Structure formats: C-alpha cells, structure tokens
Amino acid sequence: MTIAGVHLTRIGKGNFLLEPLRGLNILDQDQLMSQIAAHVQQARGGHLYYDLNDLPVIDPLYFSWLDKLARTCLTLNIKMTCINMQPTAAFTVSQFLVKNPSFETALGVPD
Amino acid sequence: MVQKKDTSEKLNALFGLKVGNISTQLEEIGREFFCSSNKLMDEEEVTDLSSEFLHLMTGLLSSAEPQRRTSPQFHALEVFFSGLAQRMLMRGGHVEDVVRYAQNLQYSLIAALEADSGITFTQSRSVLMFFAQHFDELIMAIFRTYLLERENTLQAQEEELRETSTPIAEIWDGVLTLPIIGTLDSSRTMLVMEALLNRIARDRARAVVMDLTGVKNIDSQVSHHLIQMVRAVQLMGADAIITGIHPEIARALVSLNIDLSGVTTRASLSDGLKEAFSRMGIHVTQTAG
C-alpha cells in the first residue's frame with residue numbers, strides 16, 4: 001500500500017517507522033490519518049515511530065497534525081512515539097505547548 | 001572660504017619648512033607618554049609613530065580641503081588615533097595617556113610652528129580654531145575606540161560568566177547534570193535551554209538532572225521558561241528531573257499557579273541522580289572493602 005508523502009516501514013514485530021517525505025501534505029490530514037492507521041492496524045502493528053529528524057522547526061499546524069495522528073492511533077490501540085526531535089523543533093514546540101501531547105517521545109527507536 | 005584657504009596654505013608652508021624639528025619634539029611627547037614608567041612602546045615604535053602622524057598631518061594640510069573633517073586624509077588621521085588607542089588599551093595602557101598624548105601633540109605642534117615661524121598664533125584665531133576642531137574630533141575617535149573596546153571586553157566577560165555558571169556535565173553515559181547557580185533571568189534561561197537541548201542531541205542523553213540548589217529567586221516569567229525547558233527536554237525524548245528546589249521557590253511556583261504535575265522533582269541532586277539511574281536500569285553498588 002502506498003501512502004502519498006510518507007514512507008512507512010515495518011521495523012520489527014508490531015513496530016512501524018514513519019518517515020515523512022517532502023511531499024507530505026498535512027492539509028489533507030483526514031485521509032492521511034485513515035490510511036496510516038489502517039495500514040498499521042491491518043499489519044497488526046502496535047507501535048508507530050514517527051521520525052522527526054528532518055524537521056528543524058515544528059509549528060502549531062504540524063504539531064496539531066502529530067497530535068491528531070497520535071489520538072487516532074490511540075483509539076486503535078496503537079502507541080505513537082515521536083523520535084529524533086531536533087533541539088530547535090523541541091524549543092519551538094515548548095513555546096506553544098499547553099498540555100502534554102498525545103504521543104510519547106524518544107531519542108530514537110529503542111534497541 | 002578665502003580666509004580658510006589662506007590659513008591652510010600658511011600652515012602647510014610652515015610644515016614644509018620645519019618638519020625635521022617638529023618630528024623630534026613629537027617623538028619626545030611619545031616617549032613621555034608611552035616609554036616612561038608604563039613601557040607601552042619601545043623607542044623605535046615611538047619614532048615610527050611620530051613620523052606616521054607627521055606624514056598624515058602633512059597629507060591633511062596639503063589636501064584640497066584641509067578644513068573638511070570628512071576628507072579621506074582626516075579619516076586616515078582618525079584611523080591612526082583609533083588604532084593607537086586600541087593598541088595601548090590592549091597593552092594595558094589607559095585612555096588618558098592616549099588623550100593626553102593627542103592634546104600634547106596639538107600644543108607642541110602649535111608651539112613649534114609658532115617658534116619656528118615667528119608668527120604669534122595666539123593672535124591668529126583661525127589657526128588655533130583649525131587645530132582645536134581637528135584635535136577635538138581626533139580625541140572623540142580615541143574615546144569611541146575606548147568605549148568600543150570596553151564594551152567588547154564586558155561582553156566577552158559576560159559570555160564567559162554565562163558559560164561557567166551553567167556547566168552541563170555528562171555524569172554517566174546518557175545522564176546529564178545541569179547545576180544552575182545564581183539568578184535566573186529570561187535571557188539566561190534561554191541560553192541554558194539552547195545549550196542543554198543541543199547537548200542532549202549530541203550526547204544522545206536519556207536523562208537530565210537540573211539542580212536548582214543555587215537558585216535563590218525566581219519570577220513568573222522565569223518559572224514559565226523553566227517549565228518550557230522541562231517540556232523541551234521531554235519532547236526530545238529525555239527524562240527531566242528537577243532537584244534542590246528551595247521552599248521559597250516552591251511557594252513561589254504554587255502562588256504563580258505553575259503546573260508541575262508532569263515534572264519529576266527530587267529533594268537533592270543525589271536523589272535526582274538515583275532517580276535517573278533507576279529509570280535507566282543502572283544500579284550503583286558499593287564494593288566490599
């Protein structure tokens with residue numbers, strides 16, 4: 001299954017790695033969330049790692065997309081963890097964050 | 001205009017006549033201010049300095065418009081005095097020395113020309129005005145350099161102080177400690193935050209222990225920055241533990257309605273480290289003997 005704008009790879013039993021590509025259009029988030037969640041659920045995945053390595057800045061719009069995707073996944077019992085958040089991105093998010101995000105964070109995919 | 005031109009022509013003619021004598025007197029002034037007790041220059045350097053000054057002054061007087069203080073020739077003189085002030089300050093001299101040197105150059109120049117030419121300059125207001133205006137501007141250049149140097153020194157000292165007051169250390173593989181000492185203000189909190197986040201990324205740190213034992217005061221804005229710092233650390237995937245919060249700061253945080261529910265706090269740095277080790281599955285035991 002191909003999802004426009006993201007690269008979704010199975011990285012172990014029940015784990016998926018999502019790498020956003022340059023072509024990712026978060027304005028089309030409803031369709032994207034459905035497609036990603038469906039793909040992970042069909043493969044009996046339980047954990048989605050969202051790689052933020054290539055994002056130096058995360059604005060409120062992008063953060064909202066991450067939060068919504070995490071909540072969608074949670075309703076399907078899929079845990080979402082954002083990995084490799086850049087210092088600049090962490091700084092910008094901390095400026096507007098008012099409550100804890102729906103996703104977890106980690107330095108990278110655990111060994 | 002005609003009078004101005006006459007004045008400069010007169011001065012230029014005077015310079016042309018007795019340059020050798022003036023040069024010796026200017027060197028003596030240089031020796032008095034820079035070679036005496038302070039040893040800021042050697043004899044050779046003073047000779048070079050005096051001849052360079054004389055060369056630049058002659059250049060100004062022989063220029064098309066010696067009265068114009070925006071001319072390249074006058075700018076060259078300004079650069080000369082700025083450079084001299086900078087050099088002397090770097091060698092531990094005082095700005096007063098350079099200013100007095102410039103003033104004495106002016107007096108000596110007038111006196112020497114007066115003596116050599118036989119013209120009483122005190123009766124020639126235009127000649128005195130010419131020198132006074134030019135040297136006032138040159139002294140301003142010296143002060144500007146002095147202030148700039150002072151500003152740069154203060155800035156460098158401030159940066160050094162900031163760096164030494166927030167030492168981030170990797171106390172264990174993946175565990176960073178940040179003892180914060182002194183008063184936290186917004187700009188300092190931002191600097192600490194920047195350094196800390198970059199360090200987490202560089203060292204792939206999994207836990208950060210921020211020790212506030214040395215912080216005595218905290219205000220509303222800074223407490224918000226502190227919470228932002230904790231959130232940013234957590235967003236990067238590391239655990240943030242705050243230790244050593246003084247009762248006064250705890251009371252201030254409560255009265256400011258700061259939500260610390262998502263923040264792990266421990267009484268002391270030692271407790272904070274134990275918590276960090278425990279979360280990472282590290283057990284520190286005392287060996288027998």
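Figured I'd write up the structure that's included with this text. (Residues numbered from 1 in each chain as written. Chains lettered and ligands numbered in written order. Predicted model: local features only at pLDDT ≥ 70, side-chain atom pairs only at ≥ 80, totals over all residues. Heavy atoms only, no water.)

Now for the interface of chain A and chain B. At the junction of the two partners, chain A supplies 17 residues and chain B supplies 16 residues. For the pair chain A and chain B, the two sides together bury roughly 1,400 Å², of which 63% comes from carbon and sulfur. On the chain A side of the interface with chain B, the three residues burying the most area are Pro87, Ser94 and Leu107 of chain A, jointly 41% of the side's total. Counting across the interface, chain A meets chain B through zero salt bridges. Applying the counting criterion to the chain A and chain B interface returns five residue pairs in polar contact (both at pLDDT 80 or more). Mapped onto the side of chain A that touches chain B, the elements with two or more residues apiece are helix H3 (87-96) and strand E5 (104-106) of chain A. Looking at which element gives the most residues to the side of chain A that touches chain B, the answer is H3 of chain A, with six residues. (Contact = heavy atoms within 4.5 Å. Buried area = accessible area lost by both parts, 1.4 Å probe. Salt bridge = Lys/Arg side-chain N within 4 Å of Asp/Glu carboxyl O. Polar contact = N/O pair within 3.5 Å; in protein donor to acceptor, adjacent residues only side chain to side chain. Helix = DSSP H or I, 4+ residues; strand = E, 2+ residues; numbered from the N terminus.)

Next up on the list: the side chain of Asn84 of chain A. Counting through the fold element by element, Asn84 of chain A comes out in the loop between strand E4 (79-83) and H3. On the accessibility criterion, Asn84 of chain A (16% relative accessible area) is buried. Asn84 of chain A has contacts with Asp51, Leu52, Asn53, Ala106, Leu107 and Gly108 of chain A together with Arg204 of chain B, leaving out every residue within four places of it along the chain. (Buried < 20%, exposed > 50% of the residue type's maximum accessible area, 1.4 Å probe, protein only.)

Below, the discussion takes up the side chain of Asp211 of chain B. Counting through the fold element by element, Asp211 of chain B comes out in strand E3 (residues 207-214). When near neighbours in sequence (up to four residues on either side) are disregarded, Asp211 of chain B contacts Leu178, Pro179, Ile180, Thr243, Gly244 and Leu269 of chain B.

Looking now at the nonpolar core. In this structure, Leu48, Tyr50 and Trp65 of chain A together with Ile200 of chain B are the most contacted members of the largest nonpolar core, which totals 66 residues. Looking at which element gives the most residues to this core, the answer is helix H8 (residues 220-235) of chain B, with eight residues. Each residue touching Trp65 of chain A, except ones within four places of it in the same chain, is listed here: Leu24, Ile26, Gln29, Leu32, Met33, Ile36 and Tyr50 of chain A. By size, the runner-up hydrophobic cluster in this structure holds 39 residues, among which are Ile22, Leu60, Leu84 and Met88 of chain B. (Core = buried A, V, L, I, M, F, W, Y, C linked by side-chain atoms within 4.5 Å.)

This part takes up the sheet that holds E5 of chain A. All names here are of chain A. Read from one edge to the other, the open sheet built from five strands follows the order E1-E2-E3-E4-E5, with strand pairing classed as mixed. Strand pairing shows two members of the sheet lacking a second neighbour, strand E1 (6-12) and E5, which therefore form its edges. Averaged over all neighbouring strand pairs, the angle between strand axes comes to 30°, with direction disregarded. Across three bridges, the pairing between E4 and E5 is parallel. Pairing of Cys82 across the sheet is with Thr105, part of E5. (Pairing = 2+ DSSP bridges. Axes fitted to C-alpha atoms, helices over the stretch in contact; angles between N-to-C directions.)

Residues and elements named next belong to chain B. On the basis of which strands lie adjacent, the open sheet formed by five strands has the order E1-E2-E3-E4-E5 and mixed pairing. Across the chains shown, the open sheet's two edge strands, defined by having one partner strand only, are strand E1 (169-172) and strand E5 (264-266). Going across the sheet, the axis of each strand differs from the next one's by a mean of 30°, ignoring polarity. Summarising the sheet, E3 and strand E4 (residues 239-243) pair through five bridges and their orientation is parallel. In the strand pairing of E4, Ala207 is matched with Asp239. Contacts from H8 reach strand E2 (175-181), E3 and E4, with the element oriented near 145° to E4.

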